[in-house]
Amino acid sequence: MKIDLEVDALGLLCPLPVLRVKKRMQPLPSGAVVRLLADDPAAHVDVPHFCAEAGHAFLGVDGTAFTLRKG
């Protein structure tokens, strides 16, 4: 899968990883695939919730790498 944008939020605590990816995704077209690197344990709840609320697709997580598609 081609990643259009990678956002490094390692070391940041809730809600900063979600806020950072939200800001960086704004200029991307719909369908863009984004990888968010976040090691905050709350990200496992926050990122899927953010996707559901904002209309993005949560594609999965592998360790600290969350993948989503802009809606």
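Residues numbered from 1 in each chain as written. Predicted model: local features only at pLDDT ≥ 70, side-chain atom pairs only at ≥ 80, totals over all residues. Heavy atoms only, no water.

Some remarks on helix H1 (residues 16–25)
Those residues of H1 lying buried are Pro-17, Val-18, Val-21 and Met-25. Down the axis of H1, the sector holding all buried residues measures 95°, keeping them to one side. Those residues of H1 that are buried lie in contact with strand E1 (5–8), strand E2 (33–37), helix H2 (43–54) and strand E4 (65–69). (Buried < 20%, exposed > 50% of the residue type's maximum accessible area, 1.4 Å probe, protein only. Helix = DSSP H or I, 4+ residues; strand = E, 2+ residues; numbered from the N terminus. Arc of directions from axis to C-beta. Contact = heavy atoms within 4.5 Å.)

What about the sheet that holds E4?
Working definition: the strands of a sheet are paired by backbone hydrogen bonds and lie parallel or antiparallel to each other. Spatial ordering of the open sheet is given by E1-E2-E4-E3, a layout of four strands whose pairing is mixed. Taken across any chain shown, the strands that pair with only one partner, and hence form the sheet edges, are E1 and strand E3 (57–62). Sheet twist, expressed as the average angle between the axes of neighbouring strands with direction ignored, equals 20°. The sheet strands contacting H1 are E1, E2 and E4, and the helix crosses E1 at an angle near 150°. (Pairing = 2+ DSSP bridges. Axes fitted to C-alpha atoms, helices over the stretch in contact; angles between N-to-C directions.)

Re the pattern of salt bridges
For the coordinates displayed, the defined rule picks out two salt bridges. A salt bridge links Asp-4 to Lys-2; the shortest N-O distance between them is 2.4 Å. Residues Arg-35 and Glu-6 are paired through a salt bridge, measuring 3.7 Å at the closest nitrogen-oxygen approach. Taken together, the residues Arg-35 in strand E2 and Glu-6 in strand E1 connect sequence positions 29 residues apart. Looking at Arg-35, the relative accessible area reads 27%, which means it is partly exposed. Note on Glu-6: relative accessible area 44%, which makes it partly exposed. (Salt bridge = Lys/Arg side-chain N within 4 Å of Asp/Glu carboxyl O.)

With respect to the nonpolar core
Of all hydrophobic cores here, the largest spans 17 residues; its most connected members are Val-21, Val-34, Leu-36, Val-47, Phe-50 and Leu-68. Secondary structure elements with two or more residues in this core: E1, H1, E2, H2 and E4. Of the residues forming this core, the biggest block, four residues, is contributed by H2. If sequence neighbours within four positions are ignored, Phe-50 has contacts with Val-18, Val-21, Lys-22, Met-25, His-56 and Leu-68. (Core = buried A, V, L, I, M, F, W, Y, C linked by side-chain atoms within 4.5 Å.)

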